[in-house]
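# Chain and residue survey
Listed below, chain by chain, are the residues.
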There are 2 protein chains.
Amino acid sequence: MSSDSPVQSTRIVLASRPDGEPSADNFRIEAANLPSLADGQVLLRILYLSLDPYMRGRMSTAKSYADPVEVGDVMVGGTVGEVVESRHPKLSPGDRVLSYSGWQTHAVENGDHVRPLDASAAPLSTALGVLGMPGFTAYAGLLEIGKPKEGETVVVAAASGPVGSAVGQIAKIKGARAVGIAGGPDKCAHVRDELGFDAVVDHRSPTFADDLKAAVPDGIDVYFENVGGAVASAVFPLLNTYARVPVCGLVAQYNTTEAPEGPDRLPGFFRSVLTKSLTIRGFIQTEFVRALQADFRRDVAKWIAEGKIAYKEDIVDGIDNAPKAFMGLLAGRNFGKLVVRVAEEEQGGDGFSCRWS
Amino acid sequence: MSSDSPVQSTRIVLASRPDGEPSADNFRIEAANLPSLADGQVLLRILYLSLDPYMRGRMSTAKSYADPVEVGDVMVGGTVGEVVESRHPKLSPGDRVLSYSGWQTHAVENGDHVRPLDASAAPLSTALGVLGMPGFTAYAGLLEIGKPKEGETVVVAAASGPVGSAVGQIAKIKGARAVGIAGGPDKCAHVRDELGFDAVVDHRSPTFADDLKAAVPDGIDVYFENVGGAVASAVFPLLNTYARVPVCGLVAQYNTTEAPEGPDRLPGFFRSVLTKSLTIRGFIQTEFVRALQADFRRDVAKWIAEGKIAYKEDIVDGIDNAPKAFMGLLAGRNFGKLVVRVAEEEQGGDGFSCRWS
């Protein structure tokens with residue numbers, strides 16, 4: 001690859017803002033010439049793109065913790081890439097790095113803003129999952145806000161997903177009882193058998209609320225909220241006095257466009273907050289990066305090596321499949337951490353088998 | 001007074017449970033003979049009875065942090081009494097004590113469960129207000145949960161009441177900007193001029209929401225929630241990222257019997273919790289007694305002595321007036337800490353003027 005002719009990136013841009021559930025029309029695939037490198041920059045060939053529920057928020061203009069993607073701009077997202085060309089003193093062609101390059105095949109990035117990855121230490125894709133943002137979200141939210149004590153009961157929804165699976169497994173490491181909520185028998189079996197949760201409840205069951213109640217005989221001390229909606233409604237009556245509710249996502253309601261019909265449950269919710277001395281705490285993982293990320297990488301790498309944390313990835317091939325995969329994610333159709341394989345890793349073959357030793 | 005003939009207590013019992021707003025029918029005045037003293041007990045003549053919003057919760061069977069008052073039982077409440085007769089080694093006739101004897105003129109108590117008061121150090125009634133449970137609620141909730149930083153904006157409703165007035169004044173001592181919400185021009189003037197809040201907003205004004213917005217140009221960092229209802233609805237959109245909301249009371253909705261009509265604001269509320277990384281934390285002051293009560297007594301006594309904390313009491317004479325005064329409290333008709341003078345203090349005359357030196 002030469003810097004004489006411009007490098008083309010195939011990319012997915014936001015074509016229009018969704019009204020409710022996103023559809024294929026909201027995305028457009030296009031090719032764009034990348035600029036030639038300035039000092040300090042690197043050209044990346046993207047290998048993996050992370051798809052995460054928070055991206056739904058970026059498609060809307062509703063006030064949130066981050067600016068929305070502008071119509072016509074590349075969809076944002078965490079990526080693992082390979083350095084193709086470098087004008088940064090510490091990065092060389094062939095280096096693998098974590099970047100935030102979005103839904104595209106190539107990108108030019110400031111070399112100071114990417115993080116080198118050790119491909120021999122862990123599968124590269126895990127930098128987007130259990131060892132990346134979702135894993136850190138679980139670690140920081142559970143330990144800093146949820147603060148599970150030994151013998152307490154921790155409940156998490158989307159328990160087969162990258163955040164939920166880490167929440168439950170870390171809760172168990174800390175001596176708590178982990179109860180997962182997942183959709184359908186396959187995910188439930190995975191949560192119970194592969195991830196080792198103490199109990200799992202299927203939210204698609206017509207007896208879900210009763211099943212959940214039976215699964216938490218001592219009530220719920222920590223509810224790690226990452227879905228909202230009907231699942232949350234079943235959980236809240238079961239919270240114990242002094243329960244903690246870290247809120248990191250509300251995927252079940254990201255596509256709703258207006259307040260649902262009544263009755264208005266807000267006053268009753270506040271009554272519960274008061275009578276049970278509840279703690280409800282929203283957070284974005286970035287808040288805790290400075291204080292906790294080094295601990296997170298050390299602890300979780302160790303727990304994976306010790307076999308205490310398992311993880312599952314759901315790999316989709318090709319950047320052009322990203323929109324469909326993302327819409328499936330919002331509908332709960334993925335199974336495990338959803339990652340788009342944008343390009344094959346040239347060295348090392350299959351990056352998804354467990355290479356921990 | 002002799003122990004040969006039984007002592008009679010005139011008392012207010014719960015006659016029936018209210019459906020919504022309590023009415024006079026829900027209370028009954030009666031006389032009851034008290035038992036003679038067992039070892040370790042004292043007979044108290046009650047001087048002051050505290051009336052507080054939480055008592056509304058005790059009149060209902062709805063699940064709460066404390067058991068309800070049974071129909072036919074004496075209404076509960078904090079009291080200041082004088083020891084008339086003692087079979088406790090450390091208490092003598094004439095001693096003044098804090099007890100939890102409820103709405104009655106006399107009571108027999110375990111002497112280990114009352115706290116001696118120094119009538120020369122502070123007016124006795126303050127043990128039910130600024131130096132008692134309401135003051136401690138403000139102190140613990142603001143400092144442990146609200147954690148105001150210098151230059152931040154703290155908003156509190158019922159700002160002329162015993163909790164709100166202490167919240168705003170302690171916030172100012174900690175270097176924060178205190179904005180009060182109160183009902184009507186007299187209370188607002190008191191909050192601004194006597195209590196020294198930086199700004200005050202009248203929630204009865206038709207432009208309340210706009211007035212509040214104008215009073216918090218930098219948004220709200222701490223909202224000390226003690227009322228709920230329409231005031232809370234105006235406050236929530238103004239909360240800043242990382243705002244903290246200690247929830248110690250919801251007096252505006254204590255009399256509601258069912259969820260109000262929609263739309264359902266709960267999903268939108270959770271969206272705000274997430275996008276603004278809010279902390280919502282219900283609490284009952286008892287949670288913090290062991291850790292903080294000694295600090296509280298030391299700090300607040302000092303602040304009162306230094307003229308940094310003013311307080312206002314609303315004294316009603318006679319136990320028979322307690323029900324009417326309590327109904328007025330729930331409707332916001334009191335002005336300052338509501339206390340029933342059950343009997344005259346025999347020594348020291350007027351206990352309500354400021355005797356701090």
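Values in this document were obtained by computation on a predicted structure and should not be read as measured data.

Reading the values: the criteria
Residues numbered from 1 in each chain as written. Chains lettered and ligands numbered in written order. Predicted model: local features only at pLDDT ≥ 70, side-chain atom pairs only at ≥ 80, totals over all residues. pLDDT = per-residue confidence, 0-100. Contact = placed C-beta atoms within 7 Å. Domains from an automatic or database assignment. Buried ≥ 20, exposed ≤ 12 C-beta atoms within 10 Å, placed from the backbone. Helix = DSSP H or I, 4+ residues; strand = E, 2+ residues; numbered from the N terminus. Arc of directions from axis to C-beta. Pairing = 2+ DSSP bridges.

### A few points about the confidence of the model for chain A
Detailed reading of the predicted model is not advised wherever pLDDT is low. Residue and element names in this part refer to chain A. A residue-level look at chain A finds 93% of positions with pLDDT of 70 or above and a mean pLDDT of 91. Here residues 348–357 is modelled with pLDDT under 50, and outside its nearest four sequence neighbours on either side it reaches 13 contacts, counting other chains as well. Across the whole predicted complex the pTM is 0.87, and at the interface the ipTM reaches 0.86.

### Brief notes about the domain arrangement of chain A
All names here are of chain A. Domain boundaries assigned for chain A yield domain 1 (8–129 + 312–341) and domain 2 (133–304). Using C-alpha coordinates to define each centre, domain 1 is positioned 27 Å away from domain 2. At the junction of the two partners, domain 1 supplies 17 residues and domain 2 supplies 15 residues.

### Concerning helix H4 (residues 185–194) of chain A
Residue and element names in this part refer to chain A. Among all positions in H4, only Lys187, Cys188, His190 and Val191 are buried. One side of H4 holds all its buried residues, which, seen down the axis, span an arc of 160 degrees. Residues of H4 that are exposed and angled more than 90 degrees away from the buried face: Pro185, Asp186 and Asp193. For H4, the secondary structure elements touched by its buried residues are strand S9 (177–182) and strand S10 (199–202). Directly beyond the C-terminal end of H4, a positive phi value near 75 degrees is found at glycine 196.

### What to know about the pairing of strand S13 (residues 279–282) of chain A
Of the two faces of S13(A), both are covered, the one formed by Thr279(A) and Arg281(A) as well as the one formed by Ile280(A) and Gly282(A). The sheet contact formed by strand S12 (residues 239–247) of chain A and S13(A) spans four bridges and is parallel. Within S13(A), the position partnered with Pro246(A) by the bridge is Arg281(A). Pairing of S13(A) with strand S13 (residues 279–282) of chain B involves three bridges; the strand directions are antiparallel. Note on S13(B): the bridge partner recorded for Ile280(A) is Ile280(B).

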